[in-house]
Every structure is written in C-alpha cells, then in structure tokens.
Amino acid sequence: VQLVESGGGLVQPGGSLRLSCAASGFTFSSYTMSWYRQFPGRERELVAGITSAGGSTDYADSVKGRFTISRDNAKKTVYLQMNSLKPEDTAVYYCNADLIEVDATRRRYWGQGTPVSVSS
C-alpha cells in the first residue's frame, strides 16, 4: 500500500497550490479519502474529506471556501486545491485513506506528508 503526496512547497500569502496523492496497493475507489494537516507540536487535524464515489465532501471551517478536494478514481488520485492561502495554513499535509469493512474492520492508510509553507 502506498500513498504518495506531491505538490507542496513555498507560496506567498494569497497564492495557490494543488496537492496530489497517488494511491496504489488497495481498492482506491472503495475508500473515503481525506487530507489532514499537522502543525508543529499539534495533533493532525482534518482539512477535507471526500466519499468513495466523490458524491460528498466535507471541510474544516478554517478552509471552507478556499480549499477544494476532488478525486479521480480512474487515476487513483485525490487532490486538494488550495486557494487564497494564509500563513496559518503552513503545515505538513497528509493524505489518508479510510475504509470500514462489513465486518467492522477498519483499514486506514497514511501518506508520508508534504510540507506547505505560506510566507512572504
């Protein structure tokens, strides 16, 4: 199982970045996919999530209206378009895959993280 994030980097306030997470080794289209972020010394927090077929999304209040999560099940990739970036968005961003099987077994996978820095 692999989740490989890309697209992070340094951007000025007000700028945009698009994160990508390429998945392999599991049935991508069955999993809810999410982006989390982690600030130094803090727990990871949910940024955005999207259901397996892409029919429903959810966002943290702090990013609503600025970030958009999407997925391409044919490419086994989930994206996070981040617009109007603020210095407080600076964090390491992680891709997450989550599935609860019919027998209640939970399968959860994480990427290695990609850093995003918003600074002038």
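As a reminder, the structure under discussion sits directly above these lines.
Note that the structure is a prediction, hence the values are computed from the model and not measured. (Residues numbered from 1 in each chain as written. Predicted model: local features only at pLDDT ≥ 70, side-chain atom pairs only at ≥ 80, totals over all residues. Heavy atoms only, no water.)

A.B. asks: Just to check I follow, could you spell out the overall build of the protein for this structure?
C.D. replies: Counting its secondary structure elements, the protein contains zero helices and 11 strands. Considered along the principal axes of its C-alpha atoms, the protein spans approximately 50 × 30 × 25 Å. Within the protein, the fraction of its 120 residues that count as buried is 41%. Here the protein displays about 6300 Å² of accessible surface, and carbon together with sulfur accounts for 47% of that area. Within the protein, the 11 negative side-chain charges are centred at a point lying 4 Å from the centre of the 13 positive side-chain charges. (Helix = DSSP H or I, 4+ residues; strand = E, 2+ residues; numbered from the N terminus. Buried < 20%, exposed > 50% of the residue type's maximum accessible area, 1.4 Å probe, protein only. Areas by Shrake-Rupley, 256 points an atom, 1.4 Å probe, with all protein chains shown as cover. Lys, Arg positive; Asp, Glu negative; His and termini not counted. Charge placed at Lys NZ, Arg CZ, Asp CG, Glu CD.)

A.B. asks: Which parts of the structure should I look at to understand the packing of aromatic side chains?
C.D. replies: When we look at a pair of aromatic rings, we describe it by the centre distance and by the angle of the planes. Enumeration over the complete set of coordinates arrives at five aromatic pairs. A ring pair is formed by tyrosine 36 and tryptophan 110, whose centres lie 4.9 Å apart and whose planes are at 65°; its orientation type is edge-to-face. Of this pair, tyrosine 36 sits in strand 4 (residues 32-38) while tryptophan 110 is found in strand 10 (residues 106-110), placing the two residues 74 residues apart along the sequence. Among the residues examined, tyrosine 36 registers a relative accessible area of 13% and is labelled buried. Positioned above the aromatic ring of tyrosine 94 is the side chain of arginine 44, whose terminal nitrogen or guanidinium carbon lies 3.6 Å from the ring centre. The aromatic ring of tryptophan 110 is capped on one face by arginine 44, whose charged end is 4.5 Å from the ring centroid. (Phe/Tyr/Trp six-rings, centres within 6.5 Å; stacked < 30°, edge-to-face > 60°. Lys NZ or Arg CZ within 6 Å of the ring centre and 35° of its normal.)

A.B. asks: Is there a simple way to think about the sheet that holds strand 7 (residues 67-72) in this case?
C.D. replies: The strands making up a sheet are joined through hydrogen bonds of the backbone, oriented either antiparallel or parallel. Strand order in the open sheet made by the four strands is 1-3-8-7, with antiparallel pairing throughout. A strand with exactly one partner marks an edge of an open sheet, and here the two such strands are strand 1 (2-6) and strand 7. Ignoring strand direction, the axes of neighbouring strands in this sheet form an average angle of 15°. Pairing of strand 3 (residues 17-24) with strand 8 (residues 77-82), which is carried by six bridges, proceeds in the antiparallel orientation. In the strand pairing of strand 8, leucine 19 is matched with leucine 80. (Pairing = 2+ DSSP bridges. Axes fitted to C-alpha atoms, helices over the stretch in contact; angles between N-to-C directions.)

Limitation: the analysis is restricted to geometry and does not speak to function.
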